[in-house]
Amino acid sequence: MIKLIKIDEDSRVPKYKQIVDSILQNIANGNLKINQKIPSINSFSEEFYMSRDTVEKAYNILKERKIISSIRGKGYYITRTKLESKVNILFVLNKLSAYKMKTYNSFINTIGANAHTDLHIYHCDETLFLNLLDKFEGAYDYYVITTHFKTDELKHLSFTNEVAKAIQAIPDEKLVLMDNIKLGMEGEIIKIYQDFENDIYNALKEGLSKISKYNKLILVYPDKAVYPYPRRILHGFKKFCVEHEINFEILSEVYDDMILKKGDLFITIEESDLVNLMKQIRDEEFILGKDIGVISYNDTPLKELLGITVMSTDFNVMGETAARMILNKEKGDVKVPFNFIDRNSI
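About the thresholds
Residues numbered from 1 in each chain as written. Predicted model: local features only at pLDDT ≥ 70, side-chain atom pairs only at ≥ 80, totals over all residues. Heavy atoms only, no water. Pairing = 2+ DSSP bridges. Helix = DSSP H or I, 4+ residues; strand = E, 2+ residues; numbered from the N terminus. Axes fitted to C-alpha atoms, helices over the stretch in contact; angles between N-to-C directions. Contact = heavy atoms within 4.5 Å. Buried < 20%, exposed > 50% of the residue type's maximum accessible area, 1.4 Å probe, protein only. Arc of directions from axis to C-beta. Lys, Arg positive; Asp, Glu negative; His and termini not counted. Salt bridge = Lys/Arg side-chain N within 4 Å of Asp/Glu carboxyl O. Phe/Tyr/Trp six-rings, centres within 6.5 Å; stacked < 30°, edge-to-face > 60°. Lys NZ or Arg CZ within 6 Å of the ring centre and 35° of its normal. Patch = residues over 30% accessible without salt bridge, like charges linked within 9 Å, V, L, I, M, F, W, Y side chains within 5 Å. Areas by Shrake-Rupley, 256 points an atom, 1.4 Å probe, with all protein chains shown as cover. Charge placed at Lys NZ, Arg CZ, Asp CG, Glu CD. Right-handed = clockwise from strand over helix to strand, strands pointing away. Core = buried A, V, L, I, M, F, W, Y, C linked by side-chain atoms within 4.5 Å. Parallel < 35°, antiparallel > 145°, perpendicular 65-115°, else oblique. Left-handed = near helix turned anticlockwise from the far one by under 90°. Nonpolar A, V, L, I, M, F, W, Y, C, P; charged D, E, K, R; others polar.

A. Representation of the sheet that holds strand β10 (residues 190–193). Strand order in this open sheet of 6 strands is β5-β4-β6-β9-β10-β16, and the pairing throughout is parallel. The open sheet is flanked by β5 (115–121) and β16 (332–335), the only strands paired with a single partner. In this sheet, adjacent strand axes meet at a mean angle of 15° when their direction is disregarded. Sitting on the sheet, helix α12 (residues 315–327) is in contact with β4 (87–93), β6 (142–146), β9 (175–179), β10 and β16, with an inclination near 170° to β10.

B. Helix α6 (residues 161–168), seen in detail. All buried positions along α6 are accounted for by V163, A164 and I167. When α6 is viewed along its axis, its buried side chains cluster within an angular range of 100° and face the same direction. Exposed side of α6, more than 90 degrees from the buried face: N161 and K165 are the residues found there. Looking at the buried positions of α6, the neighbouring elements they touch are α5 (126–135), β6, β7 (149–150) and β9.

C. How the structure looks around the environment of T321. Turning to its location among the elements, T321 is positioned in helix α12. C-alpha of T321 to C-alpha of F107: the two residues are 214 residues apart in sequence and 7.8 Å apart in space. T321 has contacts with I192 and V334, leaving out every residue within four places of it along the chain.

D. Structural view of the side chain of R232. Structurally, the position occupied by R232 is in helix α9 (residues 232–243). Although R232 is buried, it makes no salt bridge; D195 carries the closest opposite charge, 6.1 Å away. Look past the residues within four positions of R232 in its chain and what remains in contact with it is H156, S158, N180, K182, F196 and E197.

E. View of the packing of aromatic side chains. Tallied over the entire structure, the rule returns 13 aromatic pairs. A ring pair is formed by F136 and Y140, whose centres lie 5.6 Å apart and whose planes are at 80°; its orientation type is edge-to-face. The exposure classification of F136 matches that of Y140, with both residues buried. Using a relative accessible area of 2% as the deciding quantity, one classes Y140 as buried. Clustering of aromatic rings is evident, with ring pairs tying together F44, F48, Y59 and Y76. If you follow K57 out to its NZ or CZ, it ends over the ring of Y16, 4.2 Å from the centre. Of note, R65 hangs over the ring of Y140, and the distance from its end group to the ring centre comes to 5.3 Å.

F. Up close: a negative patch on the surface. A surface patch of like charges, here negative, comprises E253, D256, D257 and E284. With respect to the element layout, E253 can be found in the loop between β12 (248–251) and β13 (264–268).

G. Fine view of the pairing of β5. Most of β5 is tucked away, with 5 of its 7 residues classed as buried. Across 7 bridges, the pairing between β4 and β5 is parallel. When the sheet's bridge partners are listed, V92 is paired in β5 with H120. Once the chain exits β4 it traverses helix α4 (residues 98–111) before rejoining the sheet at β5, and the crossover so formed is right-handed.

H. Here's a closer look at the nonpolar core. Residues I19, I23, Y59, F129, I145, I167 and L177 are the most contacted members of the largest nonpolar core, which totals 45 residues. With residues near it in sequence (within four places) discarded, I19 still touches I7, F44, M50, T54, V55, A58 and Y59. In terms of nonpolar packing, the next biggest core, distinct from the first, is built from 28 residues, F196, C241, I295 and I346 among them.

I. A look at the side chain of D199. If you trace the backbone, D199 turns up in helix α7 (residues 196–206). Judged by its relative accessible area of 6%, D199 falls in the buried class.

J. Representation of the packing of helix α1 (residues 15–28) against helix α3 (residues 52–64) in the model. At a minimum axis separation of 8 Å, α1 and α3 run at an interaxial angle of 45°. Compared by their axis directions, α1 and α3 come out oblique. Where α1 crosses over α3, the two elements pack in a sense that is right-handed. Contact residues: K15, Y16, I19, V20, I23 and L24 in α1; T54, V55, K57, A58, Y59, I61 and L62 in α3. The residue makeup of the contact of α1 with α3, split by class, is 10 nonpolar, 1 polar and 2 charged.

Purely spatial values, then, with no claim about function.
In C-alpha cells, the structure reads:
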C-alpha cells in the first residue's frame, strides 16, 4: 500500500496534507478498500523520511473524519470509503444553545445530502479555538466560524490577535464568517452577521408604543458570564433609552427576592435570569404583561410556547443563508433579520 502514496518534495503543500490527499485519492480511485490496513506511523515516517509528528497529524485528521480508525496492537484501517465525493465542512460554534442549534440545523437541512458537516464547540475559549483550526488546517472545503471569546474576567471579546491570524490563514474561498464579524476581514469571503448595537436599538423602536407605557425599562445584562455577550447590545440599549427619554436601569442579574414594582419592564438575556424573573412575578402575584412586562433576547420554541415577547435574530435564516451561499458559490455580506416579536408578556 505504501507504494500508492505520492509525496512531492518540491511542492509547497504541507506534507501532512499531501498524505491526507493521497489516501483520499486512493480511496476515490478504489485502490484502498474498507477494512484495509494502512502503514503504521513509524513505517510511514521511515519510508518517506518524515517526522512522526507530520504523519500523526495526517492520521489524526483522517481519524476525526472517520476515514481511518486504529485498533490497539494491530494498527490503522480504512473505515469509510463513501464520504469524499461530498463537500466537507467544519462548523465551529462558540456554544451549544437552543438558538445556535437552530442555525446549525437549518444549515444542515439546506446544505443537503451532498455535504458532510462536522460540528465543534469551543466554549468561547481562545486556546480551544486555535487548537481546532490548527488540527484541521487544510482538512475541509469550507470553514463556517462564529467568533465570540471571553477574557480572564469573563468579559466578551470578538477576537484576539492570535485568532485573527488563524482565521486569516484560511483561504478566502473556504471561509464563512457567521454571526459576529467584528474581525473586519475584507476580500471575497462569505459573511452572514448580526449588527448587535443597531439590532436592539431598532427592535426597541419597533416596540416603542408598548414600551413607553411602562415606568422603567430594566436590562439584565450579565456583566460576567461563561458565554459572554457583546457589549454592543448595551450601547444600543442605552442609545434607545436616551433618545426617547426613557427611565432605565442596567442590572447584571435577576437577584433572588428582587424588589419588583408595577410598571417595570424587564429585558433578559440569559435563560436563567428569565426563569428566575418569571418565578418571582408569579410568586408575588403580579399579572404578566399588565403589572410587569418581560422581553427576552433570542427566541426559542419554549419562549414561543410561553408567550414571551422577544427580540431575536432569525437564526434559521442565518443557517439557510450560509448553506445557500456555499451551494451557489456566492460571496459577500448578508445582514440577518432581527425582529421584535410581540406576544403576551408586554
